[in-house]
Amino acid sequence: MGKGYFITGTDTGVGKTVVAGGLAALYKNKGLNIGVMKPIATGCKRVHNTLTSDDVVFLKRSAEVDDEYELINPISLEQPFAPTVAARLSNTKIDLEKVRMAYDSLCERHEYLIVEGIGGLLVPVDEYYFVVDLANEMELPLIVVCRSNLGTINHTLLTVSYAREHGLDVKGIIMNESTEKCDDVTRMTNAAEIKRLTNLPILGMIPFDKRLDVNKFNKEALLEIFRDKIDKDIII
Ligand SMILES: Nc1ncnc2c1ncn2[C@@H]1O[C@H](COP(=O)(O)OP(=O)(O)O)[C@@H](O)[C@H]1O
Ligand SMILES: [Mg+2]
């Protein structure tokens, strides 16, 4: 089992990038050799004929790494769709060997790696190859990022049960409020139910905070919030 975490979510937009960046910033702040990776990104911006993902820029700045962009994000696709669809639309096929080679290089350079998945576990990466398969190949423990509000119990239990069925080591759950503040009763009762039904720890509860906007990188706020809201034991 590698050192670090594979960050997945119950959906897109739940806060995987913010959480992956927050954890990477905490590792870096502790003086640990941390690397980051976003193996596949879609919806990338085209600038001077190269594709760049906002997620990758955020992760790179959070971890303060100078690894080549192509290693952190070996597959960048322009269309904002699932990887298989975005690849088909640009008449390419996702080259998993490229992902494996980049991952191996980053593992050699860094003691710990935080890898952000794409969407959720059943997002197709190749015809019959899914994010869950990628997480399995990387042999990293899994952290599931979920919402705090109504509906999250179902999404989180489905994700955890699927991960376990596929042999992943699920380390725990991080609840994140990416769109709006959640009321205390909803947040606390959802956390308790998820804990009871999965037997997993809630490793953190990240409140809605405008300073966590992925497009307005604020390292001080990221560190301050994550230091305060994340279980210290997961930074090892
Ligand atoms: N705790 C939070 N407070 C405020 N905004 C957040 C928070 N978490 C995420 N966001 C915002 O919500 C959007 C989705 O979050 P992101 O981390 O990109 O999700 P994902 O990587 O799962 O798609 C981003 O614009 C991000 O800035
Ligand atoms: Mg993201």
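Residues numbered from 1 in each chain as written. Chains lettered and ligands numbered in written order. Predicted model: local features only at pLDDT ≥ 70, side-chain atom pairs only at ≥ 80, totals over all residues. Heavy atoms only, no water.

(A) Representation of the overall build of the chain. The helix and strand tally for the chain stands at 9 helices and 12 strands. For the chain, whose C-alpha radius of gyration is 17 Å, the value lies close to the compact-globule estimate of 18 Å for 236 residues. C-alpha atoms of the chain, sized along the principal axes, occupy 50 × 35 × 35 Å. Residue burial in the chain is summarised as follows: out of 236 residues, 50% are buried. Considering only residue pairs separated by 6 or more positions, the chain has 77% of its internal contacts joining residues 24 or more positions apart. Side-chain charges of the chain comprise 28 positive and 34 negative groups, with the mean position of each set lying 4 Å from the other. (Helix = DSSP H or I, 4+ residues; strand = E, 2+ residues; numbered from the N terminus. Rg over C-alpha atoms; globule rule 2.2 N^0.38 Å. Buried < 20%, exposed > 50% of the residue type's maximum accessible area, 1.4 Å probe, protein only. Contact = heavy atoms within 4.5 Å. Lys, Arg positive; Asp, Glu negative; His and termini not counted. Charge placed at Lys NZ, Arg CZ, Asp CG, Glu CD.)

(B) Just the site of ligand 1, in detail. Lining the immediate surroundings of ligand 1 are 18 residues, of which Gly13, Lys16, Thr17, Asp209 and Val214 lie closest. Contact distances for ligand 1 include 3.4 Å between an oxygen atom and a backbone N or O atom of leucine 212. Relative to its free-state accessible area of 550 Å², ligand 1 is covered by the protein chains to the extent of 84%. In terms of residue class, the shell around ligand 1 is built from 7 nonpolar, 6 polar and 5 charged. (Near = heavy atom within 4 Å. Polar contact = N/O pair within 3.5 Å; in protein donor to acceptor, adjacent residues only side chain to side chain. Areas by Shrake-Rupley, 256 points an atom, 1.4 Å probe, with all protein chains shown as cover. Nonpolar A, V, L, I, M, F, W, Y, C, P; charged D, E, K, R; others polar.)

(C) Geometry of the packing of aromatic side chains. Scanning all chains against the criterion turns up 2 aromatic pairs. Ring geometry for tyrosine 27 versus tyrosine 112: centroids 5.3 Å apart, planes at 50°, classification tilted. Here tyrosine 112 lies in strand β7 (residues 112-116) and tyrosine 27 lies in helix α1 (residues 16-29), a separation of 85 residues in the sequence. Of the residues examined, tyrosine 27 reaches a relative accessible area of 0% and is grouped as buried. A ring pair is formed by phenylalanine 58 and phenylalanine 217, whose centres lie 5.4 Å apart and whose planes are at 80°; its orientation type is edge-to-face. Here phenylalanine 58, found in helix α2 (residues 54-63), pairs with phenylalanine 217, found in the loop between β12 (202-206) and α9 (219-229); they are 159 residues apart in sequence, far enough to count as distant. Phenylalanine 58 sits in the buried class, given a relative accessible area of 3%. (Phe/Tyr/Trp six-rings, centres within 6.5 Å; stacked < 30°, edge-to-face > 60°.)

(D) The arrangement of a nonpolar patch on the surface in detail. Residues Phe81, Val85 and Leu89 make up a contiguous nonpolar surface patch of roughly 260 Å² in combined accessible area. Residue classification places valine 85 among the partly exposed positions, given a relative accessible area of 33%. (Patch = residues over 30% accessible without salt bridge, like charges linked within 9 Å, V, L, I, M, F, W, Y side chains within 5 Å. Salt bridge = Lys/Arg side-chain N within 4 Å of Asp/Glu carboxyl O.)

(E) Spatial organisation of the UniProt feature "binding site: substrate" (unreviewed entry) in the chain. The UniProt record annotates "binding site: substrate" (unreviewed entry) at Thr42. Here threonine 42 is in contact with Leu77, Gln79, Pro80, Phe81, Ala82, Pro83, Ala86 and Ile118, once residues within four sequence places are set aside. (UniProt positions renumbered as here; feature names shortened; annotations may be inferred.)

(F) Broad picture of helix α8 (residues 184-198). Over its 15 residues, α8 extends 21 Å from the first C-alpha to the last, a length consistent with the 21 Å expected when each residue adds 1.5 Å. When α8 is considered as a whole, its buried residues turn out to be Arg187, Asn190, Ala191, Ile194 and Thr198. Looking down the long axis of α8, one finds its buried residues gathered within 100° of arc, a one-sided arrangement. For α8, the exposed residues lying more than 90 degrees away from the buried face are Asp184, Val185 and Arg196. The inward-facing, buried residues of α8 contact β10 (142-146), α7 (152-165), β11 (170-176) and β12. (Expected span 1.5 Å × (residues − 1). Arc of directions from axis to C-beta.)

(G) Looking closely at the coordination of the magnesium ion (ligand 2). On the protein side, the magnesium ion (ligand 2) has Thr17 (OG1), Asp55 (OD) and Glu116 (OE) as donor atoms, found 2.1 to 2.2 Å from it. Ordering the donors of the magnesium ion (ligand 2) by residue number gives the pattern T-x37-D-x60-E. Linking aspartate 55 in helix α2 with glutamate 116 in strand β7, this pair joins segments that are 61 residues apart in sequence. With respect to burial, aspartate 55 and glutamate 116 carry one shared label: buried. (Donors = N, O, S within 2.8 Å, 3.2 Å for Na, K, Ca; no water.)

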